[in-house]
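Observations on the model geometry
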Protein chains: 2
Amino acid sequence: MTQHERNVYLVDIPLDEARARLTEVLQAAGRWVLLPGETVSVTEALGRVTAAPVWAKLSSPHYHTAAMDGYAVWAADTVNATETRPLKLRVVPKPASGTGEKGDQGGVAGLAYAVNTGDPLPPDTNAVIMIEHVQQVGEEFVEIRAAVASWQHVRPLGEDMVATELVLPVNHRIRPVDLGALAGSGNSTVLVRRAPRVAIIPTGSELIPAGRTPQPGQIIEYNSLVLAAQVQEAGGATTVSDIVPDDVDQLRAAIQTALGQSPDLLLVLSGSSAGSRDHTASLVGELGELLVHGIAVRPGHPVIIGMIEGIPVIGVPGYPVSAALTGELFVEPLLAHWGGKPSALESRTRVQAVTTRKIQSPIGDDDFVRVTVAPVGERLLATPLNRGAGVITSLVRADGLAQIPRFSEGIDSGQAVDVILYRTLDEIQHTLLLMGSHDPMLDFLGQYLTEHSPGWRLVSGHVGSLGGLVALRRKEAHAAGIHLLNPQTGAYNIDDVRKYLPDEPLILMTFAHREQGLIVAPGNPLAIQSLDDLPRVRYINRQRGAGTRVLLDYELAKRNIAPTNVSGYDREEFTHLAVAAAVASGAADCGLGVRSAAIAMNLDFISVGWERYDLVLPTAYHDDPGVKALRELLTGDEFPQALGAHPGYDTRETGQIQYTQ
Amino acid sequence: MTQHERNVYLVDIPLDEARARLTEVLQAAGRWVLLPGETVSVTEALGRVTAAPVWAKLSSPHYHTAAMDGYAVWAADTVNATETRPLKLRVVPKPASGTGEKGDQGGVAGLAYAVNTGDPLPPDTNAVIMIEHVQQVGEEFVEIRAAVASWQHVRPLGEDMVATELVLPVNHRIRPVDLGALAGSGNSTVLVRRAPRVAIIPTGSELIPAGRTPQPGQIIEYNSLVLAAQVQEAGGATTVSDIVPDDVDQLRAAIQTALGQSPDLLLVLSGSSAGSRDHTASLVGELGELLVHGIAVRPGHPVIIGMIEGIPVIGVPGYPVSAALTGELFVEPLLAHWGGKPSALESRTRVQAVTTRKIQSPIGDDDFVRVTVAPVGERLLATPLNRGAGVITSLVRADGLAQIPRFSEGIDSGQAVDVILYRTLDEIQHTLLLMGSHDPMLDFLGQYLTEHSPGWRLVSGHVGSLGGLVALRRKEAHAAGIHLLNPQTGAYNIDDVRKYLPDEPLILMTFAHREQGLIVAPGNPLAIQSLDDLPRVRYINRQRGAGTRVLLDYELAKRNIAPTNVSGYDREEFTHLAVAAAVASGAADCGLGVRSAAIAMNLDFISVGWERYDLVLPTAYHDDPGVKALRELLTGDEFPQALGAHPGYDTRETGQIQYTQ
């Protein structure tokens, strides 16, 4: 297949234009309308959206109601009662259904009907006297010592709702209290929008369903899970077909089967490979009309939009981040429109945040960059996550999407960017930002923080030890995690803190001592004994600024080994686990890292020595409740004990202040 | 039953103390813990909460992956390629499973394996050249004109997730993208918190289930619907028993049956009457331990808390608002605790708003006052709704709860109050506040506004025409609806606007002409002909300041009828529908109101004349997009036409500006 053939339809059009084309063609097909209503019982109506205004069929209360336990009276009968001249009323023990006798009968001012709260007012009564305010006189009479006003302690008919009044407007999402108002106004059923039906076809010969162990070349298919869940959250019902291989006839048959069930929308999910095996666009053109193939949006480019037999079809790109964002940008807004609701993306909180790194963006694209968001000092900071379209964890970790509009080339670090938040602003405000060297146990610390200080969370950015110090200098983190060896003295951390943050009041508190060493394949097949062996094997390095890299350079210098003699010295990974993964895959023979990373990946470990990993905590944030909670964890007993139980961690100095300035 | 017997347990304790007692006894019973986990498939996990951290079982990708369609190569083979001296590579058409031949073979620099995006990198390759960057030379060879860097266009193993890495923390609510991360990391099942099981017993002899038509004295039971829905939204599973009458033995049996199913929590819902027929407290004492009977919280006082056989029991008061708030204050927070989540009430946005009316509050109570919230000018305004505990519509209409803490006697109008919002701040910001005279068609206008300007909503407060003008003067509304007759001139609205808002630039725009008249019983049994008949019948009046009351006074003066000669002149209702309801119930013989109210309640109507109902629109808010949208509706064609189709409304002047100042 030539380049020309592959790209025949792939002409990116702007996001707005793609949306407009879909809207137009749905309008033309009579499908740009709200979904019709269906009648459901109030017991099934929670979370549904009203398809018509709901009017009260009954008034509530539907009769004048006693609001207290006591006696129902005709108020005018009581006007002459005073403290000194009590009035006597004849007790009618049970509410009579007919009209009771009324009027003065031998020293009796009137009748007093015994009522409980909630009872209907007997005829010819218009007030209730509380039981506490009468004096029982035998079985038959009560005495009162004050007049009562008309309608005292009475809930009048219609106090809550008057029949014919509006109970709920159309397009209203039904909440628990609304169910009460519906039932109380005589509506035991309610007309709600029918759930949109969405058919989903995952395609791709390399895909296998979740639950099976993938072989090389096989990928677990989960875009259908993500898209189906998005549809479900939007109130839709889904049918997910089996995975269809990259075969034009099988895919055609699957599309025809799905369309036969008259869905409101069909989603065809590409495998993550896309490329030359993608038949979706040509099939949409063959079976119906291909409207869009390629949208100038990042991530997401190869989105397909078409119509077959009056049913809209969206071809969802295979890379997981692109797929999820296509769901947010196209699928959910369409379902929301059909349901008479604003789209989730529109409803999200938008904030301005300062980006901590330069974000480059292609000038022609609407670019959505996943970011973490945290408040440091007076500023709200957005830190871009891994931008790879295959990195679903970047969406899992994202606090929001920074939106870089078309015709912008990006945002410089330190500039403001618009962020659509995935979390509430309140959650964001309770975020501690720790930048610096990666340690697998920072997640463990984060768990402790969340458990002991509910609402608080720890976000850690892996930028290496020096990166952490730079972040503190730029006021872009609450804390930095560092393990920086001074090659002259062999001491840890203090000298670099002095050098990089000379004017910042701070403390240096130990997180733990960690065992560093060479991570090697199980059984150590190349018989690597020490760093002296590096010149003869393939090494995998950490990035510049990482403490582990400083340690390597220190040890290489001691041994008079030039970096150019280490194969792979220039190949960088950003975390201990990534180094271990490179060794596990056979891509490298060894790398320097912490013992826990070797254990996690079932690899062997050759100890090089222990290093001190400290947290740098600027005084400026010491009163921040999250920082306080973090310090309490480190200086307490429970967390150090739990951390020390992990091999490769020594917590005898955890929580100790090593240095103050 | 004497007063003493009725109140034996009813000693109000503060809210915090009640919560603390429940916590203590649950701790003692070993039930103040997170619910255990249960394993569910990822397809069932949406919205559930993780019961343990989830770690990656697989790396993702789990092999080095081609990120482009093209040729996989060993980067070092390509170093000598230049524009002028292309290098030739031998094509290996299909990815071989073993190691391919490698090295220089007669002018060939190395091998080039054809790969598609997503394919695993063949052994001994470490970069991908895009198909666009090679020149095909026959079937067997490709030529390249530039060197490639190692790992170019390769997604390395573990780029997304490295096996053993944390995928999701514990106590994390699972979202659609999380399902992708779970499945992609080899977790096809996940341990989530078991849903708490809540048994609900509605009690009350006066109650009937929704769907039946209530007779006098009967009340539709809907608190079980509201509480069950609250539990459902909190992730719980409910069992709702049939309504149990006020009979101690039947209630005992129902409680024992419910406890037999080992729920995590039992809710006994009182009928709305409570009072002498309430057996819940004594039964909790008899079967277990009664911990709390009565909490100093408004609304909600008679809450019961106890333990039976280690299972917590909450007795929920019968008044609907009290019941719903007990759900929010006690039930949901308990379920949230068991689920490891913050409670919904804690998670809601809190704002400070200025109250437009004095809120009186008992000094000993934590008081939760339902309010509407709207932004007018620079201020956020909170307007209290009907405070009756039986008025569920006040919760339906509430935008939030104003919280008046213990030891406060209330909040003066114009003072700031803390409000817990039920809506997002964004929804609140898109609120138009219309104060003034009630008209049933204002809801109709609100529907049009929401449909034509999605996101916008109209909140109307019924304070009478003069109340509306006062609200504008105090900058407490965007618009006022008025129908105020000048008794001297017979003209409408302009004179009162001049008198009450002399210095406010504004326009007066007509909403409609409305037909006012006497609302009488069907068939007009008392043969009421005109207002001249008022002295011989029972009248129901509107509140002071209402335009309809001004009209009545004008007409009575014309007829020389003294108000004291009108029986019921001092009995006030706040809306036309409430007047009609009073007539329908037989509580009054007639009242003055609009024709639509008579029609709504199937009553007869004796016309008194037509009046002009105008909207007062201060110039200060004319640029507000909501006000603009409202004016466009009134001056357009569609809304006036739809309004004019209702009997009793004449729209020939709708949208006309009657006056400008």
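Residues numbered from 1 in each chain as written. Chains lettered and ligands numbered in written order. Predicted model: local features only at pLDDT ≥ 70, side-chain atom pairs only at ≥ 80, totals over all residues. Heavy atoms only, no water.

A word on the overall build of chain A
To be explicit about the condition: Numbered from the N terminus, helices here are DSSP runs of H or I no shorter than four residues, and strands are runs of E no shorter than two. For a compact globule the rule gives 2.2 Å times the number of residues to the power 0.38, and the radius of gyration it is set against comes from C-alpha atoms. Whether a residue is buried, partly exposed or exposed follows from its accessible area with a 1.4 Å probe, protein chains only, as a fraction of its type maximum: under 20%, in between, or over 50%, in that order. Computed with the Shrake-Rupley method and a 1.4 Å probe, the accessible areas treat only the protein chains shown as cover for residues. For this count, His and the chain ends are skipped, Lys and Arg are scored as positive, and Asp and Glu as negative. In plain terms, the charge of a residue is placed at NZ if it is Lys, CZ if Arg, CG if Asp and CD if Glu.
A count of helices and strands for chain A gives 18 helices and 38 strands. Relative to a compact globule of 661 residues, whose C-alpha radius of gyration would be 26 Å, chain A shows 36 Å and is clearly more extended. In terms of overall dimensions, chain A has a C-alpha envelope of 125 × 70 × 45 Å along the principal axes. For chain A, buried positions account for 56% of its 661 residues. Roughly 25,900 Å² of accessible area belongs to chain A as shown, and the carbon and sulfur atoms make up 50% of that amount. Taking the average location of the 53 positive side-chain charges in chain A and that of its 74 negative ones, the two points are 3 Å from each other.

Considering unusual backbone geometry
Here Arg298(A) and Pro299(A) are connected by a cis peptide whose omega angle stands at -10°. Looking at the secondary structure, you find Pro299(A) in the loop between β19 (297-298) and β20 (304-308). For the bond running from Ser60(B) to Pro61(B), omega is -10°, close enough to zero to count as cis. Relative to the helices and strands, Pro61(B) is located in the loop between β2 (54-55) and β3 (65-66).

Considerations on the confidence of the model for chain A
Residues and elements named next belong to chain A. Where we set the bar: pLDDT is defined as a per-residue confidence score from the predictor, taking values between 0 and 100. Residue contacts are counted whenever heavy atoms from the two residues lie within 4.5 Å of one another.
Predicted confidence across chain A gives a mean pLDDT of 89, with 95% of residues reaching 70 or more. Of all the helices and strands in chain A, helix α1 (residues 3-6) carries the lowest mean pLDDT, 36, while strand β13 (residues 197-202) carries the highest, 97. Note on residues 1-9: pLDDT is under 50 here. Beyond four places in sequence and across chains, it has 11 contacts. Low pLDDT, under 50, characterises residues 95-104; the predicted model gives this stretch 19 contacts beyond four residues in sequence or across chains. Interface predicted TM-score (ipTM) for the complex: 0.86; the corresponding pTM is 0.84.

A short note on the packing of helix α3 (residues 176-184) of chain A against helix α4 (residues 223-233) of chain B
Note the following rule: Orientation is described by lines fitted to C-alpha atoms, with helices fitted over the stretch in contact, and by angles between N-to-C directions that extend from 0 to 180 degrees. Orientation is classified from the angle alone, with under 35 degrees giving roughly parallel, over 145 giving roughly antiparallel, 65 to 115 giving roughly perpendicular, and any other angle giving oblique. A clockwise turn of the near helix away from the far one marks a right-handed crossing, whereas an anticlockwise turn of less than a right angle marks a left-handed crossing. Each residue gets one of three labels, nonpolar for Ala, Val, Leu, Ile, Met, Phe, Trp, Tyr, Cys and Pro, charged for Asp, Glu, Lys and Arg, and polar for the others, Gly among them.
Look at α3(A) against α4(B): their axes get within 8 Å of each other, and the N-to-C directions meet at 160°. Relative to α4(B), α3(A) is oriented roughly antiparallel. For the pair α3(A) and α4(B), the sense of crossing is right-handed. Counted together, Pro176(A), Val177(A), Leu179(A), Gly180(A) and Ala183(A) of α3(A) and Leu225(B), Val226(B), Ala229(B), Gln230(B) and Glu233(B) of α4(B) form the full contact between these two elements. In terms of residue class, the contact of α3(A) with α4(B) is built from seven nonpolar, two polar and one charged.

What about the side chain of Thr383(A)?
Examined against the element boundaries, Thr383(A) turns out to sit in strand β25 (residues 379-384). Apart from residues lying up to four places away in sequence, Thr383(A) is in contact with Thr356(A), Arg357(A), Arg370(A), Val371(A), Thr372(A) and Met435(A).

Notes on the pattern of salt bridges
To keep things clear, this is the line we draw: The salt bridge definition used is simple: a Lys or Arg side-chain nitrogen within 4 Å of an Asp or Glu carboxyl oxygen.
Scanning the model with the defined rule gives 62 salt bridges over all chains in all. Salt-bridge contacts for Asp399(B) lead to Arg423(B); the nearest nitrogen and oxygen are separated by 2.8 Å. Here the residue Asp399(B) occupies a position in the loop between α9 (392-397) and β26 (400-404), and Arg423(B) occupies one in the loop between β28 (416-421) and α10 (425-429), the gap between them amounting to 24 residues. Asp495(B) is the salt-bridge partner of Arg498(B), the closest N and O atoms lying 4.0 Å from each other. Taken together, the positions of Arg498(B) and Asp495(B), both in helix α13 (residues 494-500) and three residues apart, correspond to about one turn of that helix. Accessibility expressed as a relative area gives 28% for Asp495(B), which makes it partly exposed. Three or more residues are tied together by salt bridges with common partners; here these are Asp399(A), Arg423(A), Glu427(A) and Arg457(A).

A word on helix α4 (residues 223-233) of chain A
Residues and elements named next belong to chain A. Taken across its 11 residues, α4 has nine buried, putting it largely inside the fold. Turning to α4, its buried residues number three or more, namely Asn 223, Ser 224, Leu 225, Val 226, Leu 227, Ala 228, Ala 229, Gln 230 and Val 231. Gly 235 sits one or two residues past α4 and shows a positive phi near 90°.

Focus on the sheet that holds strand β21 (residues 311-316) of chain B
Residues and elements named next belong to chain B. In plain terms, the rule: Pairing between two strands requires that DSSP report at least two bridges joining them.
Spatially, the six strands line up as an open sheet ordered β16-β13-β17-β21-β20-β18, and their pairing is mixed. Only two strands of the sheet have a single partner each, and these edge strands are β16 (237-240) and β18 (289-293). Strand-to-strand twist in this sheet, taken as the mean axis angle between neighbours without regard to direction, amounts to 20°. Sheet contacts for helix α7 (residues 320-339): β13 (197-202), β17 (265-269), β20 (304-308) and β21; angle to β21, the most-contacted strand, approximately 160°.

What to know about the relation of the copies chain B and chain A
As a reminder, the rule being used: Least squares is the method used to superpose the copies, on C-alpha atoms of residues holding a pLDDT of at least 70 in both.
You can overlay chain B on chain A at an RMSD of 0.2 Å; the transform is a turn of 180° with a shift of 0.1 Å along its axis. Each copy turns onto its partner about a two-fold axis. Looking at the rotation axis and the C-alpha trace of chain B, the residue lying nearest is Thr424(B), at 4.9 Å. Most of the interface of chain B is mirrored in chain A: 99% of its interface residues are interface residues there too.

Brief notes about the environment of Ala642(B)
All names here are of chain B. Along the polypeptide, Ala 642 turns up in helix α18 (residues 638-644). Measuring from C-alpha to C-alpha, the distance between Ala 642 and Tyr 422 comes to 32 Å, with 220 residues separating the pair along the chain. If we skip the residues at most four places from it in the chain, Ala 642 touches Phe 444 and Tyr 448.

Digging into the sheet that holds strand β18 (residues 289-293) of chain A
Residues and elements named next belong to chain A. As summarised here, the arrangement of the six strands in space is β16-β13-β17-β21-β20-β18, forming an open sheet in which the pairing is mixed. Across the chains shown, the open sheet's two edge strands, defined by having one partner strand only, are β16 (237-240) and β18. When strand polarity is set aside, the average angle formed by the axes of neighbouring strands in this sheet is 20°. Summarising the sheet, β20 and strand β21 (residues 311-316) pair through five bridges and their orientation is antiparallel. Within the sheet, the bridge partner assigned to Ile 304 lies in β21 and is Gly 315. Docked against the sheet, helix α2 (residues 15-28) engages β18, β20 and β21, running at close to 160° with respect to β18.

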